[in-house]
Amino acid sequence: MRILLVMPTPFENGRLGLENVVWLSEPVALTSVAAAVGAGHQVKVLDLRLEPEDALARELAAFQPHIVGTTSMTTDVYQALAVLRMARQIVPSALTIVGGHAPTLAPQEFDQPWVDVIVQGEGELTFRELVAAWEEQRQGDDRQFPGIAGLRYRELAGEPMRSNSKRSQTRNLDELPAPDRSLLRKYKGRYFFTVARNMASIFTSRGCSFDCNFCAIWEFYERRTRYLSAEKIVDQMAACEEPFVFLLDDNF
């Protein structure tokens, strides 16, 4: 199947934001779920923060994906919804999916007729199972995923969304595949932090054990912190050709 994963742009053209001058990191959320899909699928990542305004429409028309997925923090909600709305208009048969912090903690924000599936919590295993299920049934109008934990989805157009059981977090992060950074080859050299340019991004842990009232990380990760092994961290860093590596950890 053809799968298009889209990083939305959190700012309008012409607006000055962090992504313009301070920090632009790789979309590791997308490269992580892409790595979990497995062989036999054609996956593309489109980072709209680094693309011209018409890039999404052109890519949807040319690629004709069977699945269009995006991710969303709180600041990305409107733009993530716009991505999936355009996908429904240009490729109406595609399954539209959103995951990330915002849809996990506030799924009602994404209860729109052009959003088929919300992935709640960690997405690697959920997305892998969802892709496999959609490959089997995508010829019809139904969207039935009753056995996949961590999903909120709409079976038929016009019907309310239903929620499956909660997905347990992966206990051992070493069991997850490393993010597929090869999907970002076209953007090589364009990620940065202040003056640190040509920058890679990796994570060495997930979560936080504290409960600061200004942050939602601990709620998303259920007040747990998990770590990659030293061997896996070294493997990821050794695979980075860039002279700078940004660590995305909430607690380092």
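This text goes with the structure placed above it.
Residues numbered from 1 in each chain as written. Predicted model: local features only at pLDDT ≥ 70, side-chain atom pairs only at ≥ 80, totals over all residues. Heavy atoms only, no water.

1. Overview of the nonpolar core
No. 1: Core analysis: the biggest nonpolar cluster contains 54 residues, and Leu5, Ile67, Val117, Phe127, Leu130 and Phe145 have the highest contact counts within it.
No. 2: In terms of residue count, helix 4 (residues 77-90) provides more of this core than any other element does, six residues in total.
No. 3: Here Ile67 is in contact with Met1, Arg2, Ile3, Leu4, Ala94, Leu95, Ile97, Phe127, Val131 and Trp134, once residues within four sequence places are set aside.
No. 4: Counting residues in hydrophobic clusters, the runner-up holds six residues, among them Val28, Leu173, Leu176 and Phe203. (Core = buried A, V, L, I, M, F, W, Y, C linked by side-chain atoms within 4.5 Å. Buried < 20%, exposed > 50% of the residue type's maximum accessible area, 1.4 Å probe, protein only. Helix = DSSP H or I, 4+ residues; strand = E, 2+ residues; numbered from the N terminus. Contact = heavy atoms within 4.5 Å.)

2. Description of the sheet that holds strand 5 (residues 95-99)
No. 1: On the basis of which strands lie adjacent, the open sheet formed by seven strands has the order 3-1-4-5-6-7-8 and mixed pairing. With one partner strand each, in any of the chains shown, strand 3 (42-47) and strand 8 (162-163) form the two edges of the open sheet.
No. 2: Examined bridge by bridge, strand 4 (residues 67-71) and strand 5 share five bridges and lie parallel to one another. Counterpart to Ile67 in the pairing with strand 5 is Leu95.
No. 3: Contacting strand 1 (2-7), strand 3 and strand 4, helix 2 (residues 28-37) crosses the sheet at an angle of about 165 degrees to strand 1.
No. 4: The strands touched by helix 6 (residues 124-137) are strand 1, strand 4, strand 5, strand 6 (117-119) and strand 7 (151-153); relative to strand 5, the strand with the most contacts, the crossing angle is about 175 degrees. (Pairing = 2+ DSSP bridges. Axes fitted to C-alpha atoms, helices over the stretch in contact; angles between N-to-C directions.)

3. A closer look at the side chain of Arg226
No. 1: Within the fold, Arg226 resides in strand 13 (residues 225-227).
No. 2: A polar atom in the side chain of Arg226 sits 2.6 Å from the backbone oxygen of Thr170.
No. 3: Apart from the residues within four sequence positions on either side, Arg226 is in contact with Glu122, Gln169, Thr170, Arg171, Leu173, Ser205, Arg206 and Tyr221. (Polar contact = N/O pair within 3.5 Å; in protein donor to acceptor, adjacent residues only side chain to side chain.)

4. As for the packing of helix 2 against helix 6
No. 1: At a closest axis distance of 8 Å, the pairing of helix 2 and helix 6 adopts a crossing angle of 50 degrees. Classified by the interaxial angle, the pair formed by helix 2 and helix 6 is oblique. Note on packing geometry: the crossing formed by helix 2 with helix 6 is right-handed. Between helix 2, through Ser32, Val33, Ala36 and Val37, and helix 6, the contact on the second element is made entirely by Glu124, Phe127, Arg128 and Val131.
No. 2: Here the residues of the contact of helix 2 with helix 6 are counted per class, giving five nonpolar, one polar and two charged. (Parallel < 35°, antiparallel > 145°, perpendicular 65-115°, else oblique. Left-handed = near helix turned anticlockwise from the far one by under 90°. Nonpolar A, V, L, I, M, F, W, Y, C, P; charged D, E, K, R; others polar.)

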